[in-house]
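Residues per chain are reported as follows:
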Amino acid sequence: GNKELLAQALCILDCSLELGWDKKFGGLYAFVDAKGLPCEQLEWDMKLWWVHNEAIIASLMAYGLTGTQRHWDWFVRIHNYAFSHFADKEYGEWYGYLHRDGSVSHWQKGSLWKGPYHLPRCLMLCEDMLNRIAKEETLLPIL
């Protein structure tokens, strides 16, 4: 119920999405320097599954809390990119790592870092939020 805190969180989300979105190939960069300087991380321009999962959740939550079209548009944009690039349409599950152009970098779907957390959590939370939005219910608490 803290409107000032919500406004700050939405500002951070909006700035992060604008700054992190790859305007040439789509998708969200793994790392971006806020001042546009080179990133230390070698994988800065890769697209990672968990970044997209969390951005899908955040943009849908922002829409559910505010009803603003821009947050719905971000949700659709990120959702469409993620499901068209990360999802293995033949065998299921998601690849974890893409090159900047959206091609798959690593074919394995599980590793020491990519486990069964982000994607199932994303899908469950989004299903719950979409159901609440459809019923015009409050989104909080959703966790």
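Scope of this entry: the structure provided in the associated data block. Fair warning: this is a prediction, and the values are worked out from it, not measured in the lab.

### Here we look at the nonpolar core
One finds I78 and C126 to be the most contacted residues of the largest nonpolar core, which totals 33 residues. Examining the composition of this core, we find that seven residues originate from one element, helix α2 (residues 49-66), more than from any other. Residues within four places of I78 in sequence aside, it is in contact with L17, W21, L28, H52, A55, I56 and S59.

### Comments concerning the packing of helix α1 (residues 3-20) against α2
Two elements in contact, α1 and α2, have axes whose closest approach is 11 Å; the angle formed by their N-to-C orientations is 135°. Classified by the angle between their axes, α1 and α2 sit oblique to one another. Crossing angle aside, the handedness with which α1 passes α2 is left-handed. Side by side, α1 and α2 meet where L6, L10, L13 and L17 of the first sit next to A55, A58, S59, A62, L65 and T66 of the second. Looking at the contact of α1 with α2, its residues break down into eight nonpolar, two polar and no charged.

### Looking at unusual backbone geometry
Phi is mostly negative for residues that are not glycine, and the peptide bonds are mostly trans. Of note, the phi angle at E93 is positive, near 65°, even though the residue is not glycine. Relative to the helices and strands, E93 resides in the loop between α3 (69-85) and β2 (97-98). Judged by relative accessible area, E93 falls into the partly exposed class, the value being 37%. For E136, which is not glycine, the phi dihedral falls at a positive 60°.

### What about the environment of W44?
Relative to the helices and strands, W44 resides in the loop between α1 and β1 (47-48). Judged by relative accessible area, which is 34%, W44 ranks as partly exposed. Separated by 13 residues in sequence, W44 and F31 place their C-alpha atoms 4.5 Å apart. Every residue in contact with W44, bar those within four places of it in the chain, is listed here: Y29, A30, F31 and C39.

### Remarks on the packing of aromatic side chains
As enumerated under the stated definition, the model contains 10 aromatic pairs in all. Considering the side-chain rings of W49 and Y97, the 5.4 Å spacing of their centres and the 75° angle between planes classify their relative orientation as edge-to-face. Within this pair, whereas W49 is found in helix α2, its partner Y97 is found in strand β2, the two being separated by 48 residues in sequence. The exposure class assigned to W49 is buried, which follows from its relative accessible area of 2%. What makes Y97 buried here is its relative accessible area of 15%.

### Some details on the sheet that holds strand β3 (residues 104-106)
Spatially, the three strands line up as an open sheet ordered β1-β2-β3, and their pairing is antiparallel. The sheet is open, and its two borders are formed by β1 and β3, each paired with just one other strand. Relative to β2, β1 runs antiparallel, the two sharing two bridges. Bridge assignment links K47 to a residue of β2, and that residue is L98.

Here is what the cut-offs are and how they apply
Along every chain, residues carry numbers that run from 1 in the direction the sequence is written. Per-residue local features are limited, in this predicted model, to residues with pLDDT of at least 70; the limit for side-chain atom pairs, both in listing and counting, is 80 or more; totals at the level of whole chains, interfaces and linings are taken over all residues. Hydrogen atoms and water are omitted, and side-chain values are computed over all heavy atoms in the structure. Put simply, a nonpolar core is a bunch of buried Ala, Val, Leu, Ile, Met, Phe, Trp, Tyr and Cys residues held in one set by side-chain atoms that sit within 4.5 Å of each other. Only protein chains enter the calculation, and the probe is 1.4 Å; a residue is then buried if its accessible area is under 20% of its type maximum, exposed if over 50%, and partly exposed in between. Numbering goes from the N terminus for both helices and strands, where a helix is a DSSP run of H or I of at least four residues and a strand is a run of E of at least two. Throughout, a residue-residue contact means that at least one pair of heavy atoms, one from each residue, lies within 4.5 Å. For every element, the axis is a line fit to its C-alpha atoms; helices are fit only across the contacting stretch, and the angle between N-to-C directions ranges from 0 to 180 degrees. Oblique is the label for any angle not under 35 degrees, not over 145, and not in the 65 to 115 range, which are roughly parallel, roughly antiparallel and roughly perpendicular in turn. Handedness of a crossing follows from how the near helix is turned relative to the far one, being left-handed for an anticlockwise turn of less than a right angle and right-handed for a clockwise one. Here the term charged refers only to Asp, Glu, Lys and Arg, the term nonpolar to Ala, Val, Leu, Ile, Met, Phe, Trp, Tyr, Cys and Pro, and the term polar to all other amino acids, Gly among them. Stacked, tilted and edge-to-face pairs are distinguished by plane angle, under 30 degrees for stacked and over 60 for edge-to-face with tilted covering the rest, among Phe, Tyr and Trp rings (Trp via its six-membered ring) whose centres lie within 6.5 Å. When DSSP finds two or more bridges between two strands, those strands count as paired.

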